[in-house]
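Now for the letters of each chain:
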Amino acid sequence: MAAKSSAKKNTKTKGSTLRSVIGSVLAFLQSERFKRIIGLLLLLITLFITVAMCSFFFTWKHDQSQLSGSWWEFMMNPEIEVENWLGKFGALLSHLLIHAGFGVMSFGLVLITGLTGLRILFKTWVLPIGKTLSYLLALFLLVPLTLTAMFGVNHPYLGGAFGYHVHHWLHSALGGFGTGALVFFGWVGFLMVGFNLSPQLLTGLFGSTYQRFFRSGGVSDSEENPVAEPEQEAEIPDESDFEGRSHDVIDDLLSDDEDDIDEAELEFTVRQVEPETPVEEADQLAETPRETQDAGSADDELEVEVSSPEAELSEEEIEDRLKNLEDYDPTLDLSSYEFPKLDILEKHGDGNINVDKEELEANKNKIVETLGHYKIGVSRIKATIGPTVTLYEIVPEAGVRISKIKNLEDDIALSLAALGIRIIAPIPGRGTIGIEVPNSKPEVVSMRSLIASDKFQNSDFELPLALGKTISNETFVTDLAKMPHLLMAGATGQGKSVGLNAILVSLLYKKHPSQIKFVLVDPKKVELTLFNKIERHFLAKLPDTEEAIITDTSKVVTTLNSLCVEMDERYELLKMAQVRNIKEYNAKFVKRRLNPEEGHRFLPYIVLVVDEFADLIMTAGKEVEGPIARLAQLARAIGIHLIIATQRPSVNVITGIIKANFPARIAFRVTSKIDSRTILDAGGADQLIGRGDMLLSLGNEPTRIQCGFVDTPEVEEITQFIGSQRGYPSAYFLPEYQDESSGGMADFDDADRDDLFEDAARVVVIHQQGSASLLQRKLKLGYNRAGRIIDQLEAAGVVGPFEGSKARQVLIPDEYSLEQFLNREQSDN
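This structure is a prediction, so every number in the text was calculated from the model and none was measured.

Parameters at a glance
- Residues numbered from 1 in each chain as written.
- Predicted model: local features only at pLDDT ≥ 70, side-chain atom pairs only at ≥ 80, totals over all residues.
- Heavy atoms only, no water.
- Helix = DSSP H or I, 4+ residues; strand = E, 2+ residues; numbered from the N terminus.
- Buried < 20%, exposed > 50% of the residue type's maximum accessible area, 1.4 Å probe, protein only.
- Contact = heavy atoms within 4.5 Å.
- Pairing = 2+ DSSP bridges.
- Axes fitted to C-alpha atoms, helices over the stretch in contact; angles between N-to-C directions.
- Core = buried A, V, L, I, M, F, W, Y, C linked by side-chain atoms within 4.5 Å.
- Parallel < 35°, antiparallel > 145°, perpendicular 65-115°, else oblique.
- Left-handed = near helix turned anticlockwise from the far one by under 90°.
- Nonpolar A, V, L, I, M, F, W, Y, C, P; charged D, E, K, R; others polar.
- Salt bridge = Lys/Arg side-chain N within 4 Å of Asp/Glu carboxyl O.
- Phe/Tyr/Trp six-rings, centres within 6.5 Å; stacked < 30°, edge-to-face > 60°.
- Lys NZ or Arg CZ within 6 Å of the ring centre and 35° of its normal.
- Expected span 1.5 Å × (residues − 1).
- Polar contact = N/O pair within 3.5 Å; in protein donor to acceptor, adjacent residues only side chain to side chain.
- pLDDT = per-residue confidence, 0-100.
- Patch = residues over 30% accessible without salt bridge, like charges linked within 9 Å, V, L, I, M, F, W, Y side chains within 5 Å.
- Areas by Shrake-Rupley, 256 points an atom, 1.4 Å probe, with all protein chains shown as cover.

1. A few points about the overall build of the chain
Each helix and strand counted, the chain has 32 helices and 17 strands in total. Across the 829 residues in the chain, those meeting the buried criterion constitute 43%. Sequence-distant contacts, at least 24 apart, represent 68% of the contacts inside the chain between residues at least 6 apart.

2. Description of the sheet that holds strand S4 (residues 389-396)
A sheet is described by the order of its strands in space; here four strands give the open sequence S3-S4-S6-S5, paired in antiparallel fashion. Edge positions in the open sheet fall to strand S3 (378-385) and strand S5 (422-424), since each of these has one partner strand only. Ignoring strand direction, the axes of neighbouring strands in this sheet form an average angle of 20 degrees. Here S3 runs beside S4; their pairing, made up of seven bridges, is antiparallel. Directly across from Arg-380, in S4, lies its bridge partner Val-395. Packed on one face of the sheet, helix H15 (residues 357-373) meets S3, S4 and strand S6 (433-438) and runs near 40 degrees to S4.

3. Some thoughts on the sheet that holds strand S12 (residues 605-610)
Spatial ordering of the open sheet is given by S8-S7-S16-S15-S14-S9-S13-S12-S10, a layout of nine strands whose pairing is mixed. The open sheet terminates on both sides in strands that have one partner only, identified here as strand S8 (475-479) and strand S10 (516-521). With direction set aside, neighbouring strand axes in the sheet form an average angle of 30 degrees. When strand S9 (residues 486-489) meets strand S14 (residues 664-667), the two strands line up parallel, connected through four bridges. Across the sheet, residue Met-488 finds its bridge partner in S14, namely Ile-666. In the packing of helix H22 (residues 553-577) onto the sheet, the strands contacted are S10, S12 and strand S13 (640-646), and the crossing angle to S12 comes to about 160 degrees.

4. As for unusual backbone geometry
Cis geometry is found at the peptide bond from Met-483 to Pro-484, where omega equals -5 degrees. By secondary structure assignment, the location of Pro-484 is in the loop between S8 and S9. Phi is positive for Asn-473, close to 65 degrees, though the residue is something other than glycine. Examined against the element boundaries, Asn-473 turns out to sit in the loop between strand S7 (464-470) and S8. The class for Asn-473 is partly exposed, based on a relative accessible area of 27%. Here Lys-525, not a glycine, exhibits a phi torsion of approximately 70 degrees, which is positive.

5. Thoughts on the nonpolar core
One finds Phe-518 and Ile-628 to be the most contacted residues of the largest nonpolar core, which totals 110 residues. Setting aside chain neighbours within four positions, we find Ile-628 in contact with Leu-560, Leu-608, Phe-613, Leu-642, Ile-644, Ile-658 and Phe-662. One finds Ala-760, Val-763, Leu-781 and Ala-786 within the second-largest nonpolar core, a separate group that totals 22 residues.

6. Re the packing of helix H20 (residues 496-510) against helix H28 (residues 712-723)
Close contact between H20 and H28 brings their axes to 11 Å; oriented N to C, the two are set at 30 degrees. With respect to H28, the axis of H20 lies roughly parallel. In terms of crossing hand, the pair formed by H20 and H28 is left-handed. Facing Asn-501, Val-505, Leu-508 and Tyr-509 of H20, the residues of H28 in contact are Val-715, Ile-718 and Ile-722. Its residues assigned to classes, the contact of H20 with H28 shows six nonpolar, one polar and no charged.

7. Quick notes on the pairing of S10
Most of S10 is tucked away, with six of its six residues classed as buried. Alternating residues of S10 divide into Ile-516, Phe-518 and Leu-520 and Lys-517, Val-519 and Val-521, and every residue in both groups is buried. Two elements, S10 and S12, share six bridges in a ladder whose sense is parallel. From the neighbouring strand, Ile-516 faces S12, where its bridge partner is Tyr-605.

8. Details of the pattern of salt bridges
As enumerated under the stated definition, the model contains 25 salt bridges in all. Residues Arg-422 and Glu-436 are paired through a salt bridge, measuring 3.0 Å at the closest nitrogen-oxygen approach. A residue pair is termed long-range when its members are at least 10 positions apart, and Arg-422 in strand S5 and Glu-436 in strand S6 qualify at 14 residues. Classification of Arg-422 by relative accessible area gives buried; the value is 5%.

9. Observations concerning the packing of aromatic side chains
This structure, assessed with the given rule, holds six aromatic pairs. Consider the rings of Tyr-337 and Phe-339, whose centres lie 5.4 Å apart with planes at 75 degrees: the pair is edge-to-face. Overall, Tyr-337 belongs to the buried group, its relative accessible area being 8%. One aromatic cluster in this structure is built from Tyr-337, Phe-339, Phe-518 and Phe-538. The ring of Phe-757 is capped by Arg-753, whose NZ or CZ atom sits 4.2 Å from the centre of that ring.

10. Notes on helix H32 (residues 815-828)
With 14 residues, H32 extends 20 Å from end C-alpha to end C-alpha; this agrees with the ideal 20 Å at 1.5 Å per step. Near the N-terminus of H32, the side chain that reaches the backbone nitrogen of Tyr-816, with its oxygen 3.3 Å away, is that of Asp-814.

11. Some remarks on the packing of helix H5 (residues 107-122) against helix H6 (residues 129-151)
Between H5 and H6, the least distance of the axes is 11 Å, while the angle of their chain directions is 165 degrees. On the basis of the axis angle, H5 is roughly antiparallel to H6. Of the two possible hands of crossing, H5 and H6 adopt the one that is left-handed. Between H5 and H6, the residues in contact are Gly-108, Leu-109, Leu-111, Ile-112 and Leu-115 and Thr-132, Leu-133, Leu-136 and Phe-140, respectively. Looking at side-chain class alone, the contact of H5 with H6 contains seven nonpolar, two polar and no charged residues.

12. Focus on H5
Two residues of an α-helix separated by three or four positions point the same way, owing to the 3.6 residues in each turn. Relative to the 22 Å expected for 16 residues at 1.5 Å per residue, H5 spans 22 Å between its end C-alpha atoms, a close match to the ideal helical length. When we look at burial in H5, the residues that qualify are Gly-108, Val-110, Gly-114, Leu-115 and Gly-117. Against helix H2 (32-64) and H6 lie the buried residues of H5.

13. What to know about the environment of Thr-388
Checked against the element boundaries, Thr-388 lands in the loop between S3 and S4. Distance from Thr-388 to Asn-473, taken between C-alpha atoms, is 9.4 Å for residues 85 residues apart in sequence. Not counting residues within four places of it along the chain, the set of residues in contact with Thr-388 comprises Pro-438, Asn-439, Pro-442, Glu-443, Ile-689 and Gln-706.

14. Notes on the side chain of Ser-453
Mapping Ser-453 onto the fold places it in the loop between helix H18 (447-451) and helix H19 (454-457). Here the side chain of Ser-453 touches Leu-450 through a polar contact of 2.6 Å, landing on its backbone oxygen.

15. Points about the confidence of the model for the chain
Considering every residue of the chain, the mean pLDDT works out to 77; 77% of them sit at 70 or more. Within the model, pLDDT remains below 50 along residues 205-299, and this stretch shows 95 contacts once partners closer than five positions in the same chain are excluded. Contacts of residues 741-747 to residues separated by more than four positions or lying in other chains number four contacts, the stretch itself having pLDDT below 50.

16. So, a nonpolar patch on the surface
On the surface, Leu-18, Val-21, Ile-22, Val-25, Leu-26, Phe-28, Leu-29 and Ile-37 cluster together to form a nonpolar patch covering roughly 690 Å² of accessible area. A per-element tally of the nonpolar patch places helix H1 (residues 2-29) first, with seven residues. Turning to its location among the elements, Leu-18 is positioned in helix H1.

17. A few points about the side chain of His-512
Here His-512 shows up in the loop between H20 and S10. Of the polar contacts made by the side chain of His-512, one reaches the side chain of Ser-514; its length is 3.0 Å. Setting aside residues no more than four positions away along its own chain, His-512 makes contact with Thr-331, Leu-334, Tyr-337, Phe-339, Phe-538 and Tyr-728.

Structural data, given as structure tokens:
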């Protein structure tokens, strides 16, 4: 036995070591260092290919004669010598790419590898990749065919084997004229599509010369008046000329994605002698002797500046430009951020369910015997073993009423001598009756096994939660974004706090700090303090608070109302962007279809977690329930989700308004059926066995889950790992909130004005936005001081009154008016 145990332990050790090695390799392949190595390798390959192909044009005649045999013999035979600058490898590579490939157009491959290497190293495209690839694809077809048609087979390296074979086939199919016409129209199509050439552009390029030629009777101006100065010959170009030039400027702008189209100024300056002279008299002016012209018009010479209409792009060009722009990456501010390692989480138990067949058989016999006492026959019975509970599914004989079995819950519990028998009659979608019986030796569900599961790692949920394992021992992963709010309740010590930690750990293992923020409310002051370490990464708070974990009830009310302001601001952004939810909004922002100068920004999800809701209801009552209900009703679409937990599931805490807006509910073990119905609107929570055993209701039949266990030291190590990394300068600041019922403005004495009053007034006038958060950012003030200055600015008449979620109106239009206003106030004092 000892030998078998030792062998089994060694096998497990080898298995864990192998998984650890595989995990390390995968982590390295996803790391930034590996990406840099790939980028450098691509640039090295680019250099090698370039040198080899450049050398080919000088050494190909000698090296071609050495390639008569097989490639293997060519590379391995030391007697074969080549002249290529990169030796045999260069000779073979350049032969394959140029002679047997696309000729000189093979240098396009070098461009692709070089651009890709630069992109990986410096995270930017030197050229617009989409347009570059489409141009290269067209050139790979046209250039080899054109060069072969022009130079024939005397220069095989120009068009390569591709050009030779395609040209030979076309020549035999279409003849020489047909092949030439096809190539010509291919180039015309490429120029028209790629560079937006049009018949109007050609007219603009040659229109002026055409008109001058025919107005002079077929003789050019230079022939008529060879001594004429350029200033005397110049005339105002017609509209087609301007149109052609504007097309050129548009093409120049399109060729460089970094140019700003809005700032492009299209100006053309020309000189005209005697601008009042009709066009028909231009020839007579040209024939006038130079002395007469200089004497009569030197003082009257007028410089005319003509600006063309502002360049406009078509919808197709704008769409193409947007496609070539690099997507906005919200994670770049913390690009070096590393997700917590899986090794931080401990393995609680081996994750295997130990089946005691004798126990299963005994329980089955007792269930059948108990039902038989009441004349209930069983035609079939099946057992599904979970980590803490075994589900016995029975199919009763025909004619047995289901309610009769359901009423025997206590009798079956008595016969099994087990705690927490729960009968599901019937099981939805199966046509059986379920009897859940606790295992005599329950297994602990480790949080590590949930995080490492394929279902969690490969989930495409917006906010994935790995809650635990079901009765069938399957990892249960759900999406908080679809719940959209979660109500948790249970008696003291039944696993509620561990469940909250499991939820928070799930999100920390899956989301980047730029994608989610937590607002943590902990009236008990001890449950969520561990998450203080991740304040600059994941937490959101009011600007004037020192602690990110909210414990003061008065600040809870302000925070909830501030979240309502944030909700209103986000809905305004969604309205401006013409989208319906945060997912569509962020996708549009990432594609750079929303302008940050108009107030748009990337919106992270915000998750509000309240650890003890009953205490807030006792101390604040309606002040808390009102904003909670408003957020629960409206905040789903803009990415604000609520998780509320309480250990007192009574009707005065979990009111009808709260229940109506929290369709997703988790019930840990409670002491009475009344509490179970308060949470779930159904019984069953009073039959749970505790220690993480819970029921999850998503609006349908509750699902029994054994919650994943994560210990306090594990949470502490996770937060320490995240907090030790570089974070944002501060926590995510929620918008300011001012109670509208706080009364009117107080009168401020000029002597009591803040030292930064004038600086704050200038900041407000320059930005034309009156808000305390603006002063906090620009003047680096605390929330309270910024709020006092805003009140002083309102009393002085610089900004208007408070208008809810909107910024205050600035009553002074510009800096000049502000300086006059401040000077008048100083003179009055």
